[in-house]
Amino acid sequence: MAFDIDMIREVYSQMAERVDKARELVGKPLTLSEKILYSHLWDGTPTKSFQRGKDYVDFAPDRIACQDATAQMALLQFMQAGKKSVAVPTTVHCDHLIQAKQGAAPDLMRANETSSEVFDFLESVSNKYGIGFWRPGAGIIHQVVLENYAFPGGMMIGTDSHTVNAGGLGMLAIGVGGADAVDVMAGMAWELKFPKLIGVKLTGKLNGWTASKDVILKVADILTVKGGTGAIVEYFGPGAQNLSCTGKGTICNMGAEIGATTSTFGYDDSMERFLRATDRNDIADEANKIREYLTGDSEVYENPEQYFDQVIEIDLDTLRPHLNGPFTPDLATPVGELGEKARKNDWPLKVDWGLIGSCTNSSYEDLTRAASIARQAVENKITPKSDFGINPGSEQIRFTAERDGILNVFEQLGATIFTNACGPCIGQWDRSDRKGDEKNTIVHSFNRNFSKRADGNPNTHAFVGSPEMVAAIAISGRLDFDPMTDTLINDEGQEVKLNEPRGIELPPEGFAVDDNGYLAPKEDGSSVEVKVAENSERLQLLKPFEPIKDSELQGMKLLIKAFGKCTTDHISMAGPWLRYRGHLDNIANNTLIGAVNAFNKQTNFVKNQMTGEYGGVPNVQREYKAKGIKTIVVGDHNYGEGSSREHAAMQPRFLGVAVVLVKSFARIHETNLKKQGMLGLTFANEADYDLIQEDDTFNLVDIAEFAENKPLTIEIVHGDGSKDTIKANHTYNDAQIKWYREGSALNLIKKQNA
Ligand code: F3S
């Protein structure tokens, strides 16, 4: 069985008591989001109420999901914890490393050749540690999760930003960095700032060409790409009840595009139907018993302004279909108005590709709605003017859609059916018609349309829409086509008007699948050998970090004084480096290469104090490492902002950086430094940043007395022998000081397990 009904029963059995207690403590009716948060506290039954947007709270998620790109380092780290198996049900999904080119079968074969060492590693490590493994081709992580693991009222974390998709089935599902996932796998709590709450009231009913996708395209228009930051978006109202479960998933999925922590919907009949259709009657039966706890209190939805931090209302009766883009998912234009806007902005009107798929819109219902448009083209002898590509969300969806003749409709239009995987959504697309970096337009049903996202071409103008709108636009081949008013000319010169899309929420004959691609782990994996080739370029087993000795913090050299913005991308770049995500030594060759050197305003060009020569940051650092000299990185404000990538802390640590001293930290990066056993310090006096010179040597004079709430003293010895003594603050608590003293949080866990 893919899911664990006993675990779900346990969650539900505690829910009533915990929610009732929380309601009493908060002193008012609760939203669904609060019910799930308060029923998943690490300490069990709530004892106090939390301040939204302020308090950091420890939670106990029910599940973890990892995709193949991020799982590599997460699992390599987990192996360091000395555990026999993961503490929380976990799955790994191979979906990111499959390039779309010729079609499912040849593409999958190629991926299995080029990335076999990564897949073999993930499969073996999953088998060893009790992790469910979904093979390449089994499906896109978030569709597979929705079909197999998501459950109303649950909390999950996943090492992918679109983990939030599971909100379509009433979960709080949140994307995290690998370090957070490792903590939870190893049996530790997961910390989150108690989110703010945005309520979206949906009234009316979708009709005509308007789809669930248009709800989130509109929300993105209203809130913009930053409007959801630090908040959970909770949808409610009669309009919500009228949406299918997978449609709700689409809406929650793209909550990532407005920066929301996650999005969710209350349990309703559509979710019950989906649970039963995906062979989970027992969960539906259990959920029905505690229905009132799996949705917000009625008073909340009657007077939302009193209970949410912000409320938006959308009337589905009047909502129009949109296409959002190019280059940002919040630039919304109603379909009928896009032609004028495109002409004004000189966006190419000719559409080269229509792509249907991604974790956002690849459900059975999505495919049927798009197919209802494609079928009209076939029946009316209309040759599509754009190329079509389809990525079904899972093997179960693909198998069922093939059985029901849905894929065949697209094939009759010459569509390429790609693997059940991310493909073009993550730039894994060898585009056949690509000629250099020419300006061109594509439409897709994905979530992200930033420059270069789909095909690496900065001049590809990508517009996001519903699958059925993508189908209509691709058939017409024009960005200014409005299927609600315009007609098409068929191959015989006749005028044809497309009818509105029709979809089938769930397959009338039920879902079917031959081999869903799931591999259950061994009951006892202790004898399983983890496969990592000795000379692998992409994978490397980790060695525990040695604790940094107090004596090593005397005579540290300055590696770089970073100027201005220094995000995790500056510290550990993405792009071609993604290939080395599972190989710390190799990926360390990109360490801080994007950071600007404050002394010469150049990137990747720092002074080696031992030779007086300048070189790339990783090279200079490796020379210090070879001589056993620890180094310090100095930074500006909000150092380490951006993604929660743990590599940005692991790489400097691996190369021998001991201290990062900055004006201020992005909190997640600061925590990641602590977890890796480094010192993350802030200038007590910000102006001391200006004291740092290129030839400086640093002594942490009172490190032996490192303690909670006690600033540290740093002696700076300048090149001319003069000295400055400054104070550095830190936020280490006693437990985190133990991480530091042991060399890393994982070292401590391992010691405690021994
Ligand atoms: Fe994959 Fe794109 Fe979703 S990369 S997980 S399909 S956002």
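Residues numbered from 1 in each chain as written. Predicted model: local features only at pLDDT ≥ 70, side-chain atom pairs only at ≥ 80, totals over all residues.

1. Section: the domain arrangement of the protein
You can read the domains of the protein as domain 1 (5-315), domain 2 (322-494) and domain 3 (550-753). Of note, the centres of domain 1 and domain 2, computed from C-alpha atoms alone, are 27 Å apart. In this complex, domain 1 contributes 40 residues to the contact, which on the side of domain 2 involves 43 residues. Elements that contribute at least two residues to the side of domain 1 that touches domain 2 include exactly helix 4 (104-114), helix 6 (141-148), helix 8 (212-223) and helix 10 (245-253). Ranked by residue count, the leading element in the side of domain 1 that touches domain 2 is helix 8, at 6 residues. When the residues that make up the side of domain 1 that touches domain 2 are grouped by side-chain class, the tally is 15 nonpolar, 16 polar and 9 charged. (Domains from an automatic or database assignment. Contact = placed C-beta atoms within 7 Å. Helix = DSSP H or I, 4+ residues; strand = E, 2+ residues; numbered from the N terminus. Nonpolar A, V, L, I, M, F, W, Y, C, P; charged D, E, K, R; others polar.)

2. Points about the site of the ligand
Near the ligand, the surroundings consist of 13 residues, among which S358, C359, C422, C425 and I426 are the closest. Among the residues making up the shell around the ligand, the classes are represented as 6 nonpolar, 5 polar and 2 charged. Counting residues domain by domain, the shell around the ligand receives three or more from each of domain 1 (5-315) and domain 2 (322-494). (Near = placed C-beta within 6 Å.)

3. Comments concerning the nonpolar core
By size, the foremost hydrophobic cluster in this structure holds 228 residues, and its most contacted members are L122, F410 and I632. Filtering out sequence-adjacent residues up to four positions away, F410 remains in contact with A371, A374, F388, I390, A415 and I417. (Core = buried A, V, L, I, M, F, W, Y, C linked by C-beta atoms within 7 Å. Buried ≥ 20, exposed ≤ 12 C-beta atoms within 10 Å, placed from the backbone.)

4. Description of the sheet that holds strand 22 (residues 554-561)
Spatial strand order, 22-25-26-27-30-29-28: 7 strands in a closed barrel with mixed pairing. Averaged over all neighbouring strand pairs, the angle between strand axes comes to 40 degrees, with direction disregarded. Relative to strand 27 (residues 679-683), strand 26 (residues 657-662) is paired through 4 bridges, and the arrangement is parallel. Looking at the pairing, V662 lines up with T682 of strand 27. Its contacts with the sheet place helix 22 (residues 617-626) against strand 22, strand 25 (631-635) and strand 26, and it is angled at close to 175 degrees to strand 22. (Pairing = 2+ DSSP bridges. Axes fitted to C-alpha atoms, helices over the stretch in contact; angles between N-to-C directions.)

5. Section: the UniProt feature "domain: Aconitase A/isopropylmalate dehydratase small subunit swivel" (unreviewed entry) in the protein
According to UniProt, the positions carrying the feature "domain: Aconitase A/isopropylmalate dehydratase small subunit swivel" (unreviewed entry) are residues 556-686. Spanning residues 556-686, this segment combines 27% helix with 20% strand, and its end C-alpha atoms are found 21 Å apart. (UniProt positions renumbered as here; feature names shortened; annotations may be inferred.)

6. Some remarks on the packing of helix 3 (residues 68-78) against helix 7 (residues 178-185)
Interhelical geometry of helix 3 versus helix 7 gives an angle of 40 degrees and a closest axis separation of 9 Å. The orientation of helix 3 with respect to helix 7, classified from their angle, is oblique. The way helix 3 lies across helix 7 gives a crossing that is right-handed. Taking contact as the criterion, the partners of T70, M73, A74, Q77 and F78 in helix 3 are, on helix 7, G178, A181, V182 and M185. In terms of residue class, the contact of helix 3 with helix 7 is built from 6 nonpolar, 3 polar and no charged. (Parallel < 35°, antiparallel > 145°, perpendicular 65-115°, else oblique. Left-handed = near helix turned anticlockwise from the far one by under 90°.)

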